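# Per-entry structural report
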Amino acid sequence: MPDNNINNQVYSPPVIDFVTVCVEFCAILEGENAVSREEWISKMLKILPLMYIKASLLPETVEMNDEAAETFVKEEDYARVSASVSSIMGEEDVYLDVFVEDMKYSDRPVSAFVSENIADIYQDVRNFVSVYQYGMTEQMNDALLACRQNFQTYWGQKLVNVLRPLHSIFYNKEDNDPLLETDLNEEDLWD
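Just so it is clear, the model here is predicted, and its values are computed rather than measured. (Residues numbered from 1 in each chain as written. Predicted model: local features only at pLDDT ≥ 70, side-chain atom pairs only at ≥ 80, totals over all residues. Heavy atoms only, no water.)

Counted by the stated rule, this structure contains seven salt bridges. One salt bridge connects R126 with E30, and the closest N-O pair in it is separated by 3.0 Å. With a gap of 96 residues between them, R126 in helix α5 (residues 114-134) and E30 in helix α2 (residues 13-30) connect regions that are remote in the sequence. D77 serves as the salt-bridge partner of R80, at 3.6 Å between the closest nitrogen and oxygen. With R80 and D77 both in helix α4 (residues 75-89) and three residues apart, the pair spans about one turn of that helix. (Salt bridge = Lys/Arg side-chain N within 4 Å of Asp/Glu carboxyl O. Helix = DSSP H or I, 4+ residues; strand = E, 2+ residues; numbered from the N terminus.)

Here it is in structure tokens:
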């Protein structure tokens, strides 16, 4: 693949859009400022679908190097992100997941954790963004290939799975529903 063609791929508008969204996602997770659960979930409910759309638009590319792509996210980074999300989510960190491989062989529900899924997504996109920070075209191409493949086979499903509990927590706030705070019955609603 000629060098100009690689530049066209790694600097194409869909890739730059994806990089931009990934940088914002990483900034939210790496931020030192404490935010409320409601604010954090609101941000995730906006950025995750956008990241999914942008990842699905990434162009196909071919591997340029035989070496494995460099990883930047260390075990401590993963653990820090996971612990931070777990702290924000509290007891609502755990949810039942039906789209996991173990569910096929189980007669009981399988638990998943918002914090682990977010940390898994973070690990892959942070590695991708870190390669882009160096601006070395062939490595960027291979990082793009790896990220696209991982999206298709691994973290894309985790992303859509985690949206369900986040949506439920954010939009099903029974304690803020004015109808639940009164003693109205259906007939009173139409009067």
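The tally for this structure, following the rule as stated, stands at seven aromatic pairs. Ring geometry for Y52 and F151: centres 5.1 Å apart, planes at 65 degrees, overall edge-to-face. Of this pair, Y52 sits in helix α3 (residues 37-56) while F151 is found in helix α6 (residues 137-171), placing the two residues 99 residues apart along the sequence. We classify F151 as buried; its relative accessible area is 8%. (Phe/Tyr/Trp six-rings, centres within 6.5 Å; stacked < 30°, edge-to-face > 60°. Buried < 20%, exposed > 50% of the residue type's maximum accessible area, 1.4 Å probe, protein only.)

Right, let's get into the nonpolar core. In this structure, F25, W40, L48 and M51 are the most contacted members of the largest nonpolar core, which totals 49 residues. Broken down by secondary-structure element, the contributors of at least two residues to this core are α2, α3, α4, α5 and α6. Ranked by the residues each element gives to this core, the list is headed by α6, at twelve residues. Excluding its chain neighbours within four sequence positions, the residues that come into contact with M51 are F18, V21, C22, F25, I121, V125, W155 and L159. (Core = buried A, V, L, I, M, F, W, Y, C linked by side-chain atoms within 4.5 Å. Contact = heavy atoms within 4.5 Å.)

Here the focus is the environment of E75. Mapped onto the secondary structure, E75 falls in helix α4. Overall, the relative accessible area of 67% leaves E75 in the exposed class. A sequence separation of 48 residues divides E75 from Q123, and the C-alpha atoms of the two residues are 9.4 Å apart.

Only one face of strand β2 (residues 110-113) is buried: it carries V110 and A112, and the other face, with S111 and F113, is open. With four bridges connecting them, strand β1 (residues 94-97) and β2 associate as antiparallel partners. Of the residues in β2, the one forming a bridge with V94 is F113. (Pairing = 2+ DSSP bridges.)

Within the secondary structure, S82 sits in helix α4. The contacts of S82, once residues within four sequence positions are left out, are S115, E116 and A119.

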